[in-house]
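One-letter residues, chain by chain:
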Amino acid sequence: MTPLAFEALYQAEWQELEEHLDRLLNRTSKRSKEPLRGERVAALYRRACEHLALARARSYPAYLLDRLDRLTADAHQVIYQQRELGAAALWRIVARDFPRAVRANSTYVWLATVLFAAPLLIVGVLVYYQPNLILSVVDASTAAEFEQMYSRSGEAIGRVPDAGDNWAMFGFYIRNNIGISFQCFASGLAAGLGSIFYLMFNGAYAGGIAGYLTERGLGETFWSFVATHSAFELTAIVLSGAAGLKLGHSLLAPGRRTRRQSLVHAARECVVLVYGVTAMLVVAAAVEAFWSSAIWLPNAVKYGVAAVCWSVVFAYFAVQGRHAA
Amino acid sequence: MAREVLDTVVAAETPEGIVLELRPAGLSARFYAFLLDWLIRLMIAYAAGIAAAFMGGLGVGFWLLFYFLLEWFYPVVFELSRSGATPGKSIVGIKVIMDNGLPITPAASFTRNLLRVADFLPLLFGAGIVSMLLRQDSKRLGDLAAATIVVHQPQRPPKVRLDNVAPVTPVVPLGPNDQAAIVALAARAPTLTGERLDELAALAAAVSGDGGRAGPNVTRRVLGVAQWAMGKRA
């Protein structure tokens, strides 16, 4: 069969597929009243694949191959389009995949916990007993600012005067905290070094501030402020660091895979952790902006709620999704 | 299908047994797309800032939230749309797909855009640029981890129009690549000046038995071979 005869014979089918694709890809302004029939598109796609294979095998001219190439490539994109982020998929991540991923990667999680908690405790205790050491963590004006934030003078705890209302702070916490945790994760690609650095740095920073404020006698305000949202925030930072460590480790020790396969595999598992971490940080930001800062709540209530939150977080990671199908 | 080395085409096989040819977009195309997206984001952030200025504290919160989403999720949202490309990429004519030719998945888009941070290290996308320059498929680190690839969107090939050329049977046997080259010349013919077309046709004159000669008549006969290759017979 000559190329022109081939084209004339199957032209109609290709055109039909092209029209369907134009509609599906919003490439046409023409409105068609006919309903789109998925099974027809799939059938036409398989036909076009056959035609392409034939045309290649028979060395038909380039313009014909190009047209079929383009046609099958477009149809392939449309037919295999994935929509995995529906409500059901999100629920599955929360109810099952996220806590399971945390348990499956417990080695990284514990390692990240140590990397974060050790500098926090050490710097915290050092600064508590030797307050001028705070100046090696932050500069003098920042230290003064923190002191002002947690003195009981303002209308809300945890912010400098005139910093804006709860909503403004919510926006700020989201941007700041989720940014930090994404950085903690992504920099793990540098053989895990970035994650190690950010975990230790953030641990030391938090410890330094905590030790300093406690020593200055602002402990009551500070601890009652951070107790609740830290259940979500610190856990989330540690988990994103753990995901980063996993990424770095997959590169350093790929095992029986190639380095690239190993990285792709690890990233696929890590992304579930990052989804979960993002959700936790949104919760943390909401709690921090609207609950932790409330000055009228008695501390006993805050500590009570904090205890509940910490227990819920640990219980969630310990048991959620163990038996779910 | 073995390919000559100078081309950067990446082959991806589909379940239907056909091979999709992906043409990776190089550093310059992606740089322009990035620049355009950056400008677009800047304008959106600015417009949102003006709107937020009228809303007080709620406005500041809204703006910070919006800016956060713009910073991290602007590419994700657009890559997951049907076009698979941010506006900047769309303008340049490139898009993001999985490296097996499938449309990009949400998880992959999320991964490659978060890992932009790693590509930025040590400064000004140093790691990403080095990776793109070293690899034949121009992947940055985020693409490597997410198994995605940025490709040129396929363009519609020009239609071959040779209505008034009589078909000529080639005097030497022509393989598929030779035929394709001559048909491609015919496809380009309307965009070339007469002299340039004659010059190019003279290179292929051997196929119509006119080796060593040049001129409009030789060109006509070479185009006639193209006509033959497409199935026209005298």
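Within each chain, residues carry numbers counting from 1 in the order of the written sequence. Just so you know, chain letters begin at A and ligand numbers begin at 1, following the order they were written in. Owing to the predicted nature of the model, reporting of local features is limited to residues with pLDDT of at least 70; listing and counting of side-chain atom pairs is limited to 80 or more, with chain, interface and lining totals taken over all residues.

In this text, helices come from DSSP runs of H or I with a minimum length of four residues, and strands from runs of E with a minimum of two, each type numbered from the N-terminal end. Helices and strands together make up the secondary structure of chain A, namely 11 helices and zero strands. Secondary structure of chain A in N-to-C order comes out as α-α-α-α-α-α-α-α-α-α-α. For a compact globule of 325 residues, the expected C-alpha radius of gyration is about 20 Å, and chain A comes in at 28 Å, more than 25% above that figure. Oriented by its inertia axes, the alpha-carbon framework of chain A measures out at about 90 × 50 × 45 Å. Here the radius of gyration uses the C-alpha set of atoms, whereas the globule reference equals 2.2 Å times the residue count to the power 0.38.

Before going further, it helps to spend a moment on the interface of chain A and chain B. Taken together, the contact pairs 51 residues of chain A with 50 residues of chain B. Elements with a minimum of two residues in the side of chain A that touches chain B: α1 (3-24), α2 (38-57), α3 (62-79), α7 (166-186) and α10 (259-292) of chain A. Sorting elements by how many residues they give to the side of chain A that touches chain B places α7(A) first, with 12 residues. Per-class residue counts for the side of chain A that touches chain B are 29 nonpolar, 12 polar and 10 charged. Here contacts are defined at the residue level, using C-beta atoms placed from the backbone and a cut-off of 7 Å between them. Polar here means any residue outside two lists: the nonpolar Ala, Val, Leu, Ile, Met, Phe, Trp, Tyr, Cys and Pro, and the charged Asp, Glu, Lys and Arg; Gly therefore counts as polar.

Turning to the nonpolar core, a few remarks are in order. Among buried residues, those of type Ala, Val, Leu, Ile, Met, Phe, Trp, Tyr and Cys that are joined through C-beta atoms within 7 Å form a set called a nonpolar core. Three exposure classes are used, all based on how many other C-beta atoms lie within 10 Å of a residue's own C-beta (placed from the backbone): buried at 20 or more, exposed at 12 or fewer, and partly exposed between those limits. Counting residues in hydrophobic clusters, the biggest one holds 129 residues, and the most contacted among them are A:Ala48, A:Ala112, A:Leu239, A:Ala267, A:Leu273, A:Val274 and B:Ala145. It is α10(A) that contributes the most residues to this core, 17 residues altogether. Ranked by size, the runner-up nonpolar core spans 22 residues in total, among them B:Ile182, B:Ala189, B:Ala204 and B:Val225.

Okay, the pairing of strand β3 (residues 94-98) of chain B next. Residue and element names in this part refer to chain B. In terms of burial, β3 is a largely internal element, five of the five residues being buried. Of the strand pairs in this sheet, β3 and strand β4 (residues 148-152) are connected by five bridges, and their pairing is antiparallel. Within β4, the position partnered with Val-96 by the bridge is Val-150. One requirement defines pairing of two strands: DSSP has to find at least two bridges between them.

This part covers the packing of α7(A) against α10(A). Helix-helix packing is described using two parameters, namely the angle between the two axes and the distance between the axes. Residues and elements named next belong to chain A. Lines are fitted to the C-alpha atoms to define the axes, a helix being fitted only along its stretch in contact, and any angle between axes, read from their N-to-C directions, falls within 0 to 180 degrees. Put simply, α7 and α10 touch, their axes get as near as 8 Å, and they point 150 degrees apart. It follows from the interaxial angle that α7 and α10 lie roughly antiparallel. As for how α7 packs across α10, the hand of that crossing is right-handed. Residue-level inspection shows Asn-166, Met-169, Phe-170, Tyr-173, Ile-174, Asn-177, Ile-178, Ser-181 and Phe-185 of α7 in contact with α10, the latter providing Val-274, Val-277, Thr-278, Leu-281, Val-282, Ala-284, Ala-285, Ala-286, Glu-288, Ala-289 and Phe-290. Roughly parallel means an angle under 35 degrees; roughly antiparallel, over 145; roughly perpendicular, 65 to 115; everything else is oblique. Should the near helix be turned anticlockwise from the far one by less than a right angle, the crossing is left-handed, and should it be turned clockwise, the crossing is right-handed.

Now for unusual backbone geometry. Residue and element names in this part refer to chain B. Despite not being glycine, Ser-138 has its phi angle at roughly 50 degrees, a positive value. With a phi close to 60 degrees, Ala-147 is a non-glycine residue in the positive phi region. Considering the arrangement of structural elements, one finds Ala-147 in the loop between α7 (141-146) and β4. By the C-beta count within 10 Å, which is 23 here, Ala-147 ends up buried.

A few words on the domain arrangement of chain B. Size of an interface: often given as the accessible area lost when the parts come together. When its domains are assigned, chain B resolves into domain 1 (10-152) and domain 2 (176-229). Between domain 1 of chain B and domain 2 of chain B, the C-alpha centre-to-centre distance is 43 Å. Residue ranges labeled as domains rest on an automatic or database domain assignment.

This paragraph deals with α7(A). What a helix should span is 1.5 Å times the count of its residues minus one. In this model α7(A) runs 30 Å from its N-terminal to its C-terminal C-alpha over 21 residues, within 8% of the 30 Å that 1.5 Å per residue would give. The element α7(A) is largely enclosed, with a buried count of 17 among its 21 residues.

Turning our eyes to something else, we now look at the pairing of strand β2 (residues 19-22) of chain B. All names here are of chain B. Going residue by residue along β2, you find Leu-20 and Leu-22 tucked away on one face and Val-19 and Glu-21 left uncovered on the opposite face. Taken together, the four bridges between strand β1 (residues 10-13) and β2 define a ladder with antiparallel strand orientation. Paired with Ala-12 across the two strands is Leu-20, which belongs to β2.

Once that is clear, we can look at the packing of α1(A) against α2(A). Residue and element names in this part refer to chain A. Where α1 meets α2, the closest approach of the two axes is 10 Å, and the angle between their N-to-C directions is 140 degrees. As summarised for this structure, α1 and α2 are arranged oblique, according to the angle between their axes. The handedness of the crossing between α1 and α2 comes out as left-handed. Contacts between α1 and α2 pair Phe-6, Tyr-10, Glu-13, Trp-14, Glu-16, Leu-17 and His-20 from the former with Val-41, Leu-44, Tyr-45, Arg-47, Ala-48, His-51 and Ala-55 from the latter. Counted by class, the contact of α1 with α2 contains nine nonpolar, two polar and three charged residues.

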